[in-house]
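Architecture and fold: a report
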Amino acid sequence: MSHRHGVEVVFYNLETLQPLTRNGLYQVLRRMARRAGVKGRFNPHSLRHTFAREYIRAGGDLATLSKLLGHRDVSTTVSHYAVFTDREIAEKHEKYSPARKLRQCDDDQSHNDLENSRSLRDDDQSQTGG
């Protein structure tokens, strides 16, 4: 982790209170991964990548993610992290599409129509004694 001017340090050595070096952070993450039983590739970059993908999957927006990752241009974030499977695209569409609200309005209207017709029928029955 290079220390860029004006960038806050996030990770510190708890014994010396000095900023962790790139290698120090890698060693901490490697120990944590081993203790957690993580298999496969594990390094700071894969952790960063996983964070970004999960942020997007959870509904986070690309502009904010781009700033969190320190990208100068959101197109960098888009090209590296906004790559979706067909299933993910379908799920996002189902969750965020304006068409969902239209369907919901139709469903609400159908429910209201049904309730109104029941109410009218009940009123008719009570007036006719039936």
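I will try to describe carefully the structure that is included in this document.

Parameters and conventions
- Residues numbered from 1 in each chain as written.
- Predicted model: local features only at pLDDT ≥ 70, side-chain atom pairs only at ≥ 80, totals over all residues.
- Heavy atoms only, no water.
- Core = buried A, V, L, I, M, F, W, Y, C linked by side-chain atoms within 4.5 Å.
- Buried < 20%, exposed > 50% of the residue type's maximum accessible area, 1.4 Å probe, protein only.
- Helix = DSSP H or I, 4+ residues; strand = E, 2+ residues; numbered from the N terminus.
- Phe/Tyr/Trp six-rings, centres within 6.5 Å; stacked < 30°, edge-to-face > 60°.
- Salt bridge = Lys/Arg side-chain N within 4 Å of Asp/Glu carboxyl O.
- Contact = heavy atoms within 4.5 Å.

1. Digging into the nonpolar core
If you look at the biggest cluster of nonpolar residues, it comprises five residues: Ala 52, Ile 56, Leu 65, Leu 69 and Tyr 81. Contributions of two or more residues to this core are made by helix H2 (44-57) and helix H3 (62-69).

2. Brief notes about unusual backbone geometry
You will see that Leu 17, though not glycine, has its phi angle at about 60 degrees, which is positive. Mapped onto the elements of the fold, Leu 17 is located in the segment before helix H1 (22-36). We classify Leu 17 as exposed; its relative accessible area is 61%.

3. Re the packing of aromatic side chains
Each aromatic ring pair is characterised by the separation of its centres together with the angle its planes make. Taken as a whole, this structure holds one aromatic pair when the rule is applied. Ring centres of Phe 51 and Tyr 55 lie 5.9 Å apart, and the angle between their planes is 40 degrees; on these two criteria the pair is classed as tilted. With Phe 51 and Tyr 55 both in helix H2, this residue pair falls four residues apart, about one helical turn. For Phe 51, a relative accessible area of 41% gives the class partly exposed. In this structure Tyr 55 comes out as partly exposed when scored by relative accessible area, which is 21%.

4. Considering the pattern of salt bridges
All chains considered together, the criterion is met by four salt bridges. A salt bridge links Glu 88 to Arg 53; the shortest N-O distance between them is 3.2 Å. Taken together, the positions of Glu 88 in helix H5 (residues 86-96) and Arg 53 in helix H2 put the pair 35 residues apart, joining distant regions of the chain. Between Arg 57 and Glu 88 there is a salt bridge whose closest N-O contact spans 2.6 Å.

5. A closer look at the side chain of Thr 77
Along the chain, Thr 77 turns up in helix H4 (residues 74-81). With a relative accessible area of 0%, Thr 77 lands in the buried category. The residues touching Thr 77, leaving out its near neighbours within four places in the chain, are Leu 62, Leu 65, Ser 66, Leu 69, His 71 and Ala 82.

6. Overview of the environment of Thr 76
Counting through the fold element by element, Thr 76 comes out in helix H4. For Thr 76, a relative accessible area of 30% puts it in the partly exposed group. In the structure, Thr 76 is positioned 10 residues away from Ser 66 in sequence and 7.9 Å away in space, judged by C-alpha atoms.

7. Let's talk about the environment of Leu 20
Secondary-structure assignment places Leu 20 in the segment before H1. Sequence separation between Leu 20 and Val 9 is 11 residues; the distance between their C-alpha atoms is 8.5 Å.

8. Regarding the environment of Arg 30
Of note, Arg 30 is situated in helix H1. As a C-alpha pair, Arg 30 and Phe 42 span 12 residues in sequence and 7.1 Å in three-dimensional space.

Distances and angles like these do not, on their own, reveal function.
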